[in-house]
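# Summary of the model geometry
Next come the chains, spelled out residue by residue.
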Amino acid sequence: MWELRRLGIDDTRARLRFDRVPQPWLSKVAKRFVRWRLSIGRSVNQAVVDILALNRFSGFLAGPRVAVDELARVDRTVLERYLADLALDSRSTHFRSRDISSLNAFFHAVRRHGRDQSLPSNAIFYPDDFPRPDKRLPRALAEHVMAQVEQPANLERWHAPDGRALTLILLRCGLRVGDACHLTFDWPPADPHGSG
């Protein structure tokens, strides 16, 4: 366990935990990887994400179906089995992709910095290995909904005049709600060519 304040890092989390990586051969390299990431300016949040990804991978490697006992046995076949295992994970594609990305950065750093020469060269994830992102719903409102909002009778139903004014600004200027809420009193800005 690392005390962040002893590393000169002020953060609300007091520690980074490596005790969930039971393999000494993986834990040693994982610590060097996280130390390097922090030293090049990666955030503590990224370090936590990296450690969580390494924890999950460590648990997979320790499982009876895999039972990998050294970094030299972490090859493409093992990674493909890990991807199959990860596909059954109930977390969103964002979190699964984040794990794959962290592990890939780990493998690249191990090779680049010569942390363990036994890591096979085919221990790598490719862009096709990442899960497809969830399909997002369109952000625009349907035309029939917009027609209802624009009706003067419906605009008059606003109890607060500022809500009605904000709705009109959104409708006529195409602003997002967050942008419209931060408008200043001198909006709209003057035309730089002086035409008002």
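Shown above is the structure to which this text applies.
About the cut-offs
Chains are numbered independently. Their residues run from 1 in the order of the written sequence. Since the coordinates come from a predicted model, pLDDT governs what is reported: local features require at least 70, and pairs of side-chain atoms require 80 or more to be given and counted, while whole-chain, interface and lining totals use all residues. Hydrogens and water molecules were not included; the side-chain quantities draw on all heavy atoms of the structure. Working definition: rings of Phe, Tyr and Trp (its six-membered ring) pair if their centres are within 6.5 Å, and the pair is stacked with planes under 30 degrees apart, edge-to-face with planes over 60 apart, and tilted otherwise. Think of it this way: any DSSP run of H or I at least four residues long counts as a helix, any run of E at least two long counts as a strand, and we number them from the N terminus. Whether a residue is buried, partly exposed or exposed follows from its accessible area with a 1.4 Å probe, protein chains only, as a fraction of its type maximum: under 20%, in between, or over 50%, in that order. Here, residues are in contact when the closest pair of their heavy atoms is within 4.5 Å. Throughout this description, the term salt bridge denotes a Lys or Arg side-chain nitrogen within 4 Å of a carboxyl oxygen of Asp or Glu. To get an axis, a line is fitted to the C-alpha atoms, and for a helix only the part in contact is used. The angle between two axes follows their N-to-C directions and goes from 0 to 180 degrees. The scheme is simple: roughly parallel for angles under 35 degrees, roughly antiparallel for over 145, roughly perpendicular for 65 to 115, oblique for anything else. Here is the rule for handedness: rotate from the far helix to the near one, and if that takes an anticlockwise turn smaller than a right angle the crossing is left-handed, while a clockwise turn gives right-handed. Under this grouping Gly is polar, as are all residues other than the nonpolar Ala, Val, Leu, Ile, Met, Phe, Trp, Tyr, Cys and Pro and the charged Asp, Glu, Lys and Arg. One less than the number of residues in a helix, times 1.5 Å, gives the span that helix is expected to have. Take the buried residues of types Ala, Val, Leu, Ile, Met, Phe, Trp, Tyr and Cys, join any two whose side-chain atoms come within 4.5 Å, and each joined set is a nonpolar core.

All told, the structure shown has 8 aromatic pairs when counted by the stated rule. Between F57 and F60 the ring centres are 6.4 Å apart and the planes differ by 25°, which places this aromatic pair in the stacked class. Placement of both F57 and F60 in helix α2 (residues 44-62) is noted, with a separation of 3 residues, approximately one turn of the helix. In terms of burial, F57 and F60 fall into one category: buried. Between F106 and F107, the ring centres sit 5.7 Å apart and the planes meet at 55°, which makes this aromatic pair tilted. Note on F107: relative accessible area 1%, which makes it buried. Here a set of aromatic residues connected by ring pairs shows up, and it is made of F33, W36, F57, F60, Y82, F106, F107 and F125.

A separate point is the environment of V68. Mapped onto the secondary structure, V68 falls in the loop between α2 and α3 (76-87). Residue class for V68 comes out buried when judged on its relative accessible area of 6%. Between the alpha carbons of V68 and Q23 there is a distance of 9.6 Å; along the sequence they are 45 residues apart. For V68, the contacting residues outside a window of four places in its chain are W25, L61, R73, V74 and V78.

Applying the stated criterion to the full structure yields 9 salt bridges. Notably, a salt bridge pairs R76 with D129, separated by 2.8 Å at the nearest N-O pair. Linking R76 in helix α3 with D129 in the loop between α4 (93-112) and α5 (143-150), this pair joins segments that are 53 residues apart in sequence. Neither R76 nor D129 differs from the other in exposure class; each is buried. Salt bridges sharing common partners tie together R56, D89, R91 and D99.

At their nearest, the axes of α3 and α4 sit 11 Å apart, and the two run at 160° to each other. Taken together, the axes of α3 and α4 are roughly antiparallel relative to one another. Judged by the twist between their axes, the crossing of α3 over α4 is right-handed. For the pair α3 and α4, the contacting residues are L79, Y82, L83, L86 and A87 in the first and R96, D99, I100, L103 and F107 in the second. Split into classes, the residues belonging to the contact of α3 with α4 amount to 8 nonpolar, no polar and 2 charged.

This next bit is on the packing of α2 against α3. At a minimum axis separation of 11 Å, α2 and α3 run at an interaxial angle of 105°. The angle between the axes of α2 and α3 places the two elements in the roughly perpendicular class. Contacts from A53, R56, F57, F60 and L61 of α2 reach α3 at V78, L79, R81, Y82 and D85. For the contact of α2 with α3, the residue count by class is 7 nonpolar, no polar and 3 charged.

Turning our attention to α2. An ideal rise of 1.5 Å per residue puts 27 Å on 19 residues; α2 measures up with 27 Å between its terminal C-alpha atoms. Buried residues of α2: V44, A47, V49, D50, I51, A53, L54, N55, F57, S58, F60 and L61, and no others. Check the buried side of α2 and you find it contacts β2 (15-16), α1 (24-39), α3 and α4.

Attention now moves to the nonpolar core. By size, the foremost hydrophobic cluster in this structure holds 36 residues, and its most contacted members are L16, V34, F57, L61, V74 and F107. Those elements that place two or more of their residues in this core are α1, α2, α3 and α4. The contact partners of V74, leaving out residues within four places of it in the chain, are F57, L61, V68, L79, F107, L119, P120 and A123.

All right, on to the side chain of T93 then. Among the structural elements, T93 can be located in helix α4. Beyond its immediate stretch of four places on either side in the chain, T93 contacts P131, R132, P133 and D134.

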